[in-house]
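# Overview (structure and organization)
Listed below, chain by chain, are the residues.
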Amino acid sequence: MAAPDDFPPRTASYEAEPGDVHRVLLLYSGGLDTSVMLKWIQERYEAEVVALTVNLGQPGEDYDVIEGKAKQLGALACHVVDAREEFARDYVAPAIKANALYGGGYPLFTALGRPLIAKLAVDHARRSGCDTIAHGCTGKGNDQVRIEATVATLAPELKVIAPVRSWQMGREEEVAYAREHGIPVKGGTEVAPYSIDDNLWGRSSEGRWIEELDHAPEDDVFGLVTRPEEAPDEPEVVQVSFEHGLPVALNGERLELVPLLERAAEVGARHGVGIVDHIEDRIVGLKVRDIYEVPAAAIILPAHQELEKLVGTIHQNQFKPQLDRQWAYLVYAGLWWEPLRADLDAYVEHVNQQVTGTIGMKLYKGSARVVTRESPNAVYDAALASFAESGGLFSQTASPGFIELWSLQSRLAWRLRQENQSDG
Ligand code: ARG
């Protein structure tokens, strides 16, 4: 059996010493990496494994099959947790209120999911007497940061192992290991598949030709969104209603958040909406390309942002995007439990108290565009905004006086520079 000195030395205090690993909570997806891990951990550490699979609304999963596979591979138990509601309410909803996009295009679905998955891993590890949590992240990504930062923060008594980061297996060796150990490998094994991660807020693909920056997206990467060229010839307008910043209805029909997001994703996907071909600065330093499919976010986020702009003052509207950016960065960077995030949330919540109303989004062959706005809280008065003289609250004769004072410092500075230039 494995001698403990076969293991690479630990570099962080929360990493497990091999001798301390007796029962492991494995974050299990049913895919190749985590299936190989399930066996490998039993073999290498002579440890027991409890599997945990978290449902965040990733389409097309058969959880009975995943559970059966885990047990067949020797798991003591396989817990399947439906966390869709908690994910939508406590993670996606704050992201909507913060108009959360990282790098101008990524709505953070994976980054939002990881702290919840890791929190559930902590809960289940404690409940089932595990000393260690194992995950299938590589050493090159953001997800290891998000998961391990969460575990180290919430459960200092638990340790972490990340076998994919330390074992020396490439894909071919993993497939060979799987064959040797009776682990079913689905699909063809000749071509490495895309690396996919998804939940109800979006789907990402990485790997293969995506790593070639001059390679335009091939059709087979799209698993969610219809190719815009094949989307319906007729546009469709979706009315998105918000109360206090939270989406509550589509086309006038009130829906709970999970079905609302699912419905938005469905109609967006049909119209080819939400394809993002994204260059991204990972927190561990790498620059990578991701192909995202985010049909729900592509409808809900611009609708929310438009409504927020309508009910906010010029000063609020100047300030909020700075804060939104900081929020998105913290969450992207794996610092969900950082107190600044909660501080920012308090402001975001307060601003969103006014964000009630309905935005019409027109979907057509890949685009989603705001076409109508309606809110009882709009800081908008049609009579004031029109070109006619309005009297009352706004007097056009006051404007020249305003301009004189408003431009005063700029005019003085301009004059000074002109004088200095002619002097020199
Ligand atoms: N680039 C995105 C992020 O860092 C998506 C990562 C997807 N994760 C994965 N294991 N394939 O959040």
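A few points on the structure. Predicted model only: the values in this text are computed from it and were never measured.

## Some thoughts on the environment of I183
Its place among the elements puts I183 in the loop between α7 (171–180) and β6 (195–199). Assessed through its relative accessible area of 4%, I183 is described here as buried. Each C-alpha atom, one on I183 and one on W337, is 36 Å from the other, the two residues being 154 residues apart in sequence. Leaving out residues up to four positions away in the same chain, I183 has contacts with S35, V36, K39, K69, L73, Y177 and A178.

## Quick notes on the site of the ligand
Within the structure, the ligand sits among 14 residues, and Y106, N142, D143, R146 and E280 are positioned closest to it. Taking D143, its side chain carries an N or O atom lying 2.9 Å from a nitrogen atom of the ligand. Burial of the ligand by the surrounding chains reaches 88%, relative to a free accessible area of 350 Å². Sorting the residues of the shell around the ligand by element identifies α4 (109–127), α5 (143–154), β6, β7 (202–206) and β12 (287–293) as the ones contributing at least two each. For the shell around the ligand, a count of residues per class yields three nonpolar, four polar and seven charged.

## What about the sheet that holds β6?
Within the open sheet, the four strands sit side by side as β6-β7-β12-β11. Their pairing is antiparallel. Among the strands making up the open sheet, the edge pair consists of β6 and β11 (275–281). Neighbour-to-neighbour, the strand axes of this sheet turn through a mean angle of 25°, independent of strand direction. Seen against the sheet, α4 touches β6, β7 and β12 and runs at an angle of roughly 75° to β6.

## With respect to the pattern of salt bridges
Applying the stated criterion across every chain, the model contains 30 salt bridges. In this structure, R227 engages D219 in a salt bridge whose closest nitrogen and oxygen atoms are separated by 3.4 Å. When its relative accessible area of 23% is taken as the criterion, R227 is described as partly exposed. On the accessibility criterion, D219 (44% relative accessible area) is partly exposed. Its salt-bridge partner being E419, residue R415 comes within 3.9 Å of it at the nearest N-O pair. Taken together, the residues span about one helical turn, with R415 and E419 both in helix α14 (residues 408–423) at a distance of four residues. Among the residues examined, R415 registers a relative accessible area of 52% and is labelled exposed. Residue classification places E419 among the partly exposed positions, given a relative accessible area of 39%.

## A look at the layout of surface pockets
Put simply, the second largest pocket is a space of about 370 Å³. As for the second largest pocket, its lining consists of 25 residues, of which L101, G105, L301, P302 and Q305 are closest to the centre. Contributing elements (two or more residues each) for the lining of the second largest pocket: β11, α9 (295–311), α10 (314–332) and β14 (367–374). Looking at the lining of the second largest pocket element by element, the count peaks at five residues for α9. In terms of residue class, the lining of the second largest pocket is made up of 16 nonpolar, seven polar and two charged.

## Observations concerning unusual backbone geometry
A positive phi angle, near 50°, is found at N251, a position not held by glycine. Secondary-structure assignment places N251 in the loop between β9 (246–250) and β10 (253–254). Its relative accessible area of 47% is what places N251 among the partly exposed residues. Unusually for a residue other than glycine, K365 sits at a positive phi of about 40°. Structurally, K365 can be placed in the loop between β13 (357–364) and β14.

The rules behind the values
Residues numbered from 1 in each chain as written. Predicted model: local features only at pLDDT ≥ 70, side-chain atom pairs only at ≥ 80, totals over all residues. Heavy atoms only, no water. Helix = DSSP H or I, 4+ residues; strand = E, 2+ residues; numbered from the N terminus. Buried < 20%, exposed > 50% of the residue type's maximum accessible area, 1.4 Å probe, protein only. Contact = heavy atoms within 4.5 Å. Near = heavy atom within 4 Å. Polar contact = N/O pair within 3.5 Å; in protein donor to acceptor, adjacent residues only side chain to side chain. Areas by Shrake-Rupley, 256 points an atom, 1.4 Å probe, with all protein chains shown as cover. Nonpolar A, V, L, I, M, F, W, Y, C, P; charged D, E, K, R; others polar. Pairing = 2+ DSSP bridges. Axes fitted to C-alpha atoms, helices over the stretch in contact; angles between N-to-C directions. Salt bridge = Lys/Arg side-chain N within 4 Å of Asp/Glu carboxyl O. 1 Å grid on protein atoms, 1.4 Å probe; cavity = no way out; pocket = protein on both sides within 12 Å on 5 of 7 lines; lining within 4 Å. Points joined across faces, edges and corners; volume = space filled by probe spheres on them.

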